[in-house]
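One letter stands for each residue in the lines below.
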Amino acid sequence: MESILKPLRDGESVLDLSPRSTVSGGVADVYGEDHATEDQLVTPWTFSVASGYSLLRDPQYNKGLAFTEKERDAHYLRGLLPPTITSQKLQEKQLINNIRQYQVPLQKYIAMMELQETNERLFYKLLVDNVEELLPIVYTPVVGEACQKYGSIFKRPQGLFISLKEKGKILEVLKNWPEKSIQVIVVTDGERILGLGDLGCQGMGIPVGKLALYTALGGVRPSACLPITIDVGTNNEKLLNDEFYIGLRQKRATGQEYSELLQEFMTAVKQNYGEKVLIQFEDFANHNAFELLAKYGTTHLVFNDDIQGTASVVLAGVVAALKLIGGTLADHTFLFLGAGEAGTGIAELIALETSKQTKTPIEETRKKIWLVDSKGLIVGSRKHSLQHFKKPWAHEHEPVDTLLEAVKVIKPTVLVGSSGVGKTFTKEVIEAVSSINEKPLILALSNPTSQSECTAEEAYQWSEGRAIFASGSPFDPIEYKGKVYYSGQANNAYIFPGFGLGLVISGAIRVHDDMLLAASEALAKLVTEENYEKGLIYPPFSDIRTISANIAAGVAAKAYELGLATRLPRPENLVKYAQSCMYSPVYRNYR
């Protein structure tokens, strides 16, 4: 991304460590010091020792019926609980059975959120042990519906809401959050939630869901995670007229007013939490996403999951798929439907990795990557009217109006959908790309499921079972002509939890493109022969904590290599060190 963002930064690189980046304040350096896997007695401190009724209502320390006889005596719990003592394992069994009884996915989401608010460790234990079943519930696709209805299901705050009303007081607002040692912030302004558009303040479901995955999949302590929604209004008329809408009832602020609020927020975050707090931008609209990443990438530890995380996970899938479709990255021609932050981010990272492998200038490797937007193929004659992030992809070619025509003239070996528009990979498109390739690689990445460019069933049927397919949201296995086809899920959850953990354990102070490449390479290496035999280009989510530890180690190693790591000396075995720093959701024994 540096090659795209550098011109917007007046040639400045993240490696320059800009003098503008220094802001006083911050918290003590506690990164990587949560040795949660150690078998030790802990005292359930809040502001004082939590006991009795207050202990049962503190999600961080509550264990429900799992409190032992000794703990019930020591913490004044006698009579507040039934006499039965159960194990965490039995609690899990009961809860997963209850959740499976719900027929409506949103009810399952609400049940999981209620569990998170009452018993934190049990929530994460349940999620870790049933990740493939519950990931679609706490994140995409169900979180999309939760955001749409967030005003109706809102019960208690799970993060900070910073609106235009707080302008001039953001540092004070941050100090209202009870946890002081924050390592990861996920922030959204709600303008482009998944493929659902402007959901304003109700986009809070996304930071909450992302940070739940940071803990469950990446092992970052829940107390070190802070979800934030910046509310500058919404242009969604339906929400503005909804009596249950919980945000500012005004049109979106733009321009200087928006920029000043974000500047105050970014300054306050570093002042309150220090240089090494990771700020992950989530679901900002294109025009703001690139600008924020360019503006703050040289002064803060920032990461945009829609641009960088998506790019990294897709690159990993493409690299892994080469074993099935043959050739090297440089041998393939890519055609994208969608030229927003996801599409251009993926394209740039593929070009960067190809450049690295072939030692060819990135300007050359871009020439085998073509993008189609709402106006057709991006070509040289359109360059004067293009947004800055699309201009590198304006190659010399005759104008082409439709995706189908583009497939016929470009003859891609890899077809990528990042358009946010469902059903755009039509039967004719998939048949055309299949006529060109023995094994076409088809990636329908848009979320949620309703916005996917095509379904797994359509990809396999229309390609006569020859496609290698992956999607953004999950699809069940498909049977076609007596054979079962398993589709991979190019889910950002493979990358961002491990990526963030790698930044935390190394004490990184900036994000560099080489870290994204390291994350992709680490993920691609974890695809096994057994996975390939099923046609999968990603490892199973059931191994996600091991995957995250390996990605964290790769990212941390690159941070040390680039001189961007501050945790010294460097641990000898980064994989083991990453695992040792991971939060464990197993109950602790109290004094």
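As the structure is a computational prediction, the values presented were derived from the model and not from experiment.

Where do I start with the domain arrangement of the protein chain in this structure?
It is common to give the size of an interface as the accessible area that goes away when the parts come together. Under the domain assignment used here, the protein chain contains domain 1 (141–300), domain 2 (308–490) and domain 3 (494–563). For domain 1 versus domain 3, the separation of C-alpha centres amounts to 25 Å. Contacts between domain 1 and domain 3 engage 19 residues on the former and 13 residues on the latter. Between domain 1 and domain 3, roughly 1300 Å² of surface is buried when both sides are summed, and carbon and sulfur atoms account for 64% of that area. Where domain 1 packs against domain 3, one counts 6 residue pairs in polar contact (both at pLDDT 80 or more). Listing elements by their share of the side of domain 1 that touches domain 3, those giving two or more residues are helix H11 (205–218) and strand S4 (278–281). It is H11 that contributes the most residues to the side of domain 1 that touches domain 3, 7 residues altogether. Per-class residue counts for the side of domain 1 that touches domain 3 are 7 nonpolar, 9 polar and 3 charged.

Could you clarify how one ought to interpret the sheet that holds strand S14 (residues 488–489) in this entry?
Sheet strands pair via backbone hydrogen bonds, and the direction of the pair is either parallel or antiparallel. Spatial ordering of the open sheet is given by S8-S7-S6-S9-S10-S11-S14, a layout of 7 strands whose pairing is mixed. The open sheet has two free edges, formed respectively by strand S8 (376–377) and S14, since each of these has just one partner strand. Alignment of strand S10 (residues 441–444) against strand S11 (residues 468–471), held across 4 bridges, turns out to be parallel. Considered in S11, the bridge of Ala 444 is made with Ser 471. Along the sheet, helix H15 (residues 305–325) contacts strand S6 (334–337), S10 and S11; its crossing angle with S10, the most-contacted strand, is approximately 155°. In the packing of helix H18 (residues 403–410) onto the sheet, contacts are made with S6, strand S7 (369–373), S8 and strand S9 (414–417), and the angle to S6 comes to roughly 175°.

Just to check I follow, could you spell out the UniProt feature "binding site: a divalent metal cation" (unreviewed entry) in the protein chain for this structure?
Residues given the UniProt feature "binding site: a divalent metal cation" (unreviewed entry) here are Glu 282, Asp 283 and Asp 306. These annotated residues cover 25 residues of sequence, but their C-alpha atoms sit close together, with the largest distance between any two at 6.7 Å. Of the annotated residues named above, the ones that line the second largest pocket are Glu 282, Asp 283 and Asp 306. Structurally, Glu 282 can be placed in the loop between S4 and helix H14 (286–296). When near neighbours in sequence (up to four residues on either side) are disregarded, Glu 282 contacts Tyr 139, Val 186, Val 187, Thr 188, Asp 189, Ile 206, Lys 210, Asp 305 and Asp 306. Position of Asp 283 relative to the elements: it lies in the loop between S4 and H14. On the accessibility criterion, Asp 283 (2% relative accessible area) is buried. With residues near it in sequence (within four places) discarded, Asp 283 still touches Thr 188, Asp 189, Gly 190, Glu 191, Arg 192, Ile 193, Leu 194, Ile 206 and Asp 306.

Which parts of the structure should I look at to understand empty space enclosed by the protein?
With a probe scaled to a water molecule rolled over the atoms, the places where space remains empty come into view. Under the defined criterion, the tally for this structure stands at 4 cavities of 30 Å³ or more. Approximately 140 Å³ is the volume found for the largest cavity. In terms of lining, the largest cavity is formed by Tyr 109, Ile 110, Met 113, Glu 114, Glu 117, Tyr 150, Ile 153, Phe 154, Lys 155, Arg 156 and Gln 158. Only helix H5 (105–118) and helix H9 (150–153) provide two or more residues apiece to the lining of the largest cavity. Among the elements that make up the lining of the largest cavity, the one with the highest residue count is H5 (5 residues). For the lining of the largest cavity, a count of residues per class yields 6 nonpolar, 1 polar and 4 charged.

What is the right way to look at the UniProt feature "domain: Malic enzyme N-terminal" (unreviewed entry) in the protein chain in this model?
As recorded in UniProt, the feature "domain: Malic enzyme N-terminal" (unreviewed entry) lies at residues 116–297. For residues 116–297, the helix share is 47%, the strand share is 11%, and the end-to-end C-alpha distance is 33 Å.

Would you mind going over the nonpolar core with me for this structure?
Note that soluble globular proteins tend to have their nonpolar side chains buried in a common cluster. If you look at the biggest cluster of nonpolar residues, it comprises 165 residues, and the most contacted ones within it are Ile 228, Phe 265, Phe 499 and Ile 537. Considering each element in turn, this core owes the most residues, 12 residues, to H15. In contact with Phe 265, not counting residues within four places along its chain, are Ile 162, Ile 170, Val 187, Ile 228 and Ile 230. Among the nonpolar cores identified, the runner-up in size contains 29 residues, and Val 407, Val 429, Ile 430 and Tyr 485 belong to it.

Analysis parameters
Residues numbered from 1 in each chain as written. Predicted model: local features only at pLDDT ≥ 70, side-chain atom pairs only at ≥ 80, totals over all residues. Heavy atoms only, no water. Domains from an automatic or database assignment. Contact = heavy atoms within 4.5 Å. Buried area = accessible area lost by both parts, 1.4 Å probe. Polar contact = N/O pair within 3.5 Å; in protein donor to acceptor, adjacent residues only side chain to side chain. Helix = DSSP H or I, 4+ residues; strand = E, 2+ residues; numbered from the N terminus. Nonpolar A, V, L, I, M, F, W, Y, C, P; charged D, E, K, R; others polar. Pairing = 2+ DSSP bridges. Axes fitted to C-alpha atoms, helices over the stretch in contact; angles between N-to-C directions. UniProt positions renumbered as here; feature names shortened; annotations may be inferred. 1 Å grid on protein atoms, 1.4 Å probe; cavity = no way out; pocket = protein on both sides within 12 Å on 5 of 7 lines; lining within 4 Å. Buried < 20%, exposed > 50% of the residue type's maximum accessible area, 1.4 Å probe, protein only. Points joined across faces, edges and corners; volume = space filled by probe spheres on them. Core = buried A, V, L, I, M, F, W, Y, C linked by side-chain atoms within 4.5 Å.

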